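Architecture at a glance
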Amino acid sequence: MLQRVYRNRGIQSASELDLGLARLLPPEGLLGIVPAAELLANALVDNQAITIVGDFDADGATSTALALGALRDMGATRLNYLVPNRFEFGYGLTPEIVALAAKDRPDLIITVDNGISSLEGVAAANELGIATLVTDHHLAGSELPAAAAIVNPNQPGCDFPSKHLAGVGVIFYLMLALRKTLRERDWFTERELTEPNPSGPNPAGPNPAEPNLAQYLDLVALGTVADVVPLDRNNRILVAGGLQRIRAGHARPGILALLEVAGKNPQSLVASDLGFIVGPRLNAAGRLDDMSVGIECLRSEDVHQARPLAERLHQFNRDRRVIEQNMQKEALDALEDLQLDAADALPLGITLFEPGWHQGVVGILASRIKDKFHRPTIAFAEGEGSDIKGSARSIPGVHIRDVLDAIATRHPGLISKFGGHAMAAGLSLAREDFAAFSRAFIAELERHADDLQLQAILDSDGALEEGDFNLDAATALRFGGPWGQHFPEPAFDGVFGIVQQRLVGEKHLKLVLALPGSGEIIDAIAFNVDLQQWPNDSIEQVDAVYRLDVNEFRGRKSVQLIVEQLTVEQLKIAP
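Residues numbered from 1 in each chain as written. Predicted model: local features only at pLDDT ≥ 70, side-chain atom pairs only at ≥ 80, totals over all residues. Heavy atoms only, no water.

So, about the packing of aromatic side chains. All chains considered together, the criterion is met by 11 aromatic pairs. When the ring of Phe469 is compared with that of Phe496, the centres are 6.3 Å apart and the planes differ by 90 degrees; the resulting orientation is edge-to-face. Placement of Phe469 in the loop between helix H16 (434–447) and helix H17 (471–478) and of Phe496 in strand E11 (residues 492–504) is noted, with a sequence separation of 27 residues between them. One exposure class covers both Phe469 and Phe496, and it is buried. With a centroid separation of 5.4 Å and 15 degrees between ring planes, the pair formed by Trp483 and Phe487 is classed as stacked. Both residues of the pair, Trp483 and Phe487, count as buried. Members of the aromatic cluster, each reached through a chain of ring pairs, are Phe353, Phe380, Phe434, Phe437 and Phe441. In this structure, Lys372 is placed above the aromatic ring of Phe373, and the distance from its NZ or CZ to the ring centre is 5.8 Å. Against the face of Phe479 rests Arg478, its NZ or CZ located 5.9 Å from the ring centre. (Phe/Tyr/Trp six-rings, centres within 6.5 Å; stacked < 30°, edge-to-face > 60°. Helix = DSSP H or I, 4+ residues; strand = E, 2+ residues; numbered from the N terminus. Buried < 20%, exposed > 50% of the residue type's maximum accessible area, 1.4 Å probe, protein only. Lys NZ or Arg CZ within 6 Å of the ring centre and 35° of its normal.)

This is the structure:
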């Protein structure tokens, strides 16, 4: 079964499943990392003041916490950080953020998870005599900022084989390169440490004063999974290393506290738990308030310090859910008025704007609408002054940042600023231009119509054998990853008899299914079902796409199917 699953994901040999840290791609392959490490090493030698400027999502928070911790462990004493409040400053290293940072008189600004498009911000820092080191993973524009150094696997000329590092992965790689540079300068042997190294000895290093950077892999794993970057082999190595530390009880107190408030056992943690349990609670701070709450939680030295911060993040996430549900209802009501139920009535793309929508939640709303209708979707909320800010989510076949770039080229001035990835992007424009932008968006999508996959495709690893519905198989699948973007969790399909069905949690369908052939029964659950169709006692049989999972309840483990889809067209209705 596992051989089939791995083969379906392009694994050719058992050696590709070796996710040991020794298999990581070397840092030297990243363009600009050597001069960046030299710049940082000089900053440490000269005791320069360093300010980290992060992003207001989970990737930015983990990147900021990692940079602060690793630099401290390597001897930096004058450290500070800033995370732009999305409601006041927007995204990235803007001139306004540089002016705010300048009040602390930094010698060096390091951007994490942003900066590759911050031309004006870097120029403002240069005018003030502040050097900038840009670390980012977002796609570069036609012009690069005039920074002292840039590390980004997606900058022109970089041949690093893994283009999918998250921002936290990029700063982790830079810290590896910095440690090597400092080691070559005898920094660790010449410095007289008056206190024990807080990170402990590095068993693989030549000097016990060197920090063990593996202690930061829990942050790398969290930021990588939460940012939904493709899990190529290099990213799977990073995530696997982080999960191993968390399961072994070596995670930082902030992550343990976030797992505690969510009721999750660290010992059974898998990658999807980082994406669906920890990540959203961290992201909620940046969406509703200030990401510094999340960063301070991750930086906490003990669980007593971390717990109240984790509880605050947990409450933010509850509030976010309520806001999102209300916004989603408004959006679906608006779409229903347009009579978009029939697939042939759907436009190629969907744009939505309501003045009362929360700026921090439109990204989630766009994702939900995209998932429901399988169309590229952009949701807007009010921004500063007369501007509106949009968050875009895309589908296979549509590189959303390239679409925005093409619109900006064909309609100069229509979009004031934009940036992002193939599947997600952000933009700003004048409120009065919303209708014009919506027309331009559809027109640009029509140019890509041949590439659009207008029907959602759900991949399956086929049917399971009767003997595969057991705890050993479910456990092997659960821990056979890490699974994630572009290395999806195994899913299977089959026809089952329905023995019992009932709603739980108001919108989830709890099922007892009869296995094909044997008639043995198994528990299953389908989340967020169509309440107009389910539950339905007249349905005796269902064709399901599902995941084989382990359910833990009061210390007891059992097999459970997580149903991804119930195919209506193939349902057998009882007379």
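From this point on, the discussion continues.
Between Gly481 and the following residue, Pro482, the backbone shows a cis peptide bond with an omega angle of 10 degrees. Mapped onto the secondary structure, Pro482 falls in the loop between H17 and E11. A cis amide bond links Trp534 with the next residue in sequence, Pro535, at an omega value of -10 degrees. Tracing the sequence through the fold places Pro535 in the loop between strand E13 (521–526) and strand E14 (539–553). Phi is positive for Asp186, close to 60 degrees, though the residue is something other than glycine. Considering the arrangement of structural elements, one finds Asp186 in the loop between helix H6 (167–184) and helix H7 (187–190). Residue classification places Asp186 among the partly exposed positions, given a relative accessible area of 39%. Residues other than glycine seldom take positive phi values, yet Asn528 does so here, at roughly 55 degrees.

Any two packed helices are characterised by the angle at which their axes cross and by the distance between the axes. Packing of helix H3 (residues 58–73) against helix H11 (residues 271–288) leaves a shortest axis separation of 8 Å and a crossing angle of 85 degrees. Our classification of the angle between H3 and H11 gives roughly perpendicular. Facing Ala58, Ala61 and Thr62 of H3, the residues of H11 in contact are Gly279, Leu282 and Asn283. Residue classes in the contact of H3 with H11 are distributed as three nonpolar, three polar and no charged. (Axes fitted to C-alpha atoms, helices over the stretch in contact; angles between N-to-C directions. Parallel < 35°, antiparallel > 145°, perpendicular 65-115°, else oblique. Contact = heavy atoms within 4.5 Å. Nonpolar A, V, L, I, M, F, W, Y, C, P; charged D, E, K, R; others polar.)

Sheet strands pair via backbone hydrogen bonds, and the direction of the pair is either parallel or antiparallel. An order of E2-E1-E3-E4-E5 is seen for the five strands of this open sheet, with the pairing classed as parallel. Since the sheet does not close on itself, it has two edges, and those belong to strand E2 (79–82) and strand E5 (149–151), each with one partner. Strand-to-strand twist in this sheet, taken as the mean axis angle between neighbours without regard to direction, amounts to 20 degrees. In this sheet, E5 lies alongside strand E4 (residues 131–135) in parallel orientation, the contact comprising three bridges. From the neighbouring strand, Val134 faces E5, where its bridge partner is Ile150. Running over the sheet, H3 touches strand E1 (50–53), E2 and strand E3 (108–112) and is turned about 175 degrees from E2. Sheet contacts for H6: E3, E4 and E5; angle to E4, the most-contacted strand, approximately 120 degrees. (Pairing = 2+ DSSP bridges.)

Before going further, it helps to spend a moment on the side chain of Arg252. Its location among the elements puts Arg252 in the loop between helix H9 (233–247) and helix H10 (253–261). For Arg252, the contacting residues outside a window of four places in its chain are Gln215, Tyr216, Asp218, Leu219 and Leu298.

On to the packing of helix H8 (residues 217–226) against H9. The interhelical angle for the contact between H8 and H9, taken along N-to-C directions, is 125 degrees, at an axis separation of 7 Å. Compared by their axis directions, H8 and H9 come out oblique. In this structure, the crossing between H8 and H9 has a hand that is left-handed. For the pair H8 and H9, the contacting residues are Leu217, Asp218, Val220, Ala221, Thr224 and Val225 in the first and Asn235, Leu238, Val239, Gly241, Gly242, Leu243, Arg245 and Ile246 in the second. Grouping the constituent residues of the contact of H8 with H9 by class yields eight nonpolar, four polar and two charged. (Left-handed = near helix turned anticlockwise from the far one by under 90°.)

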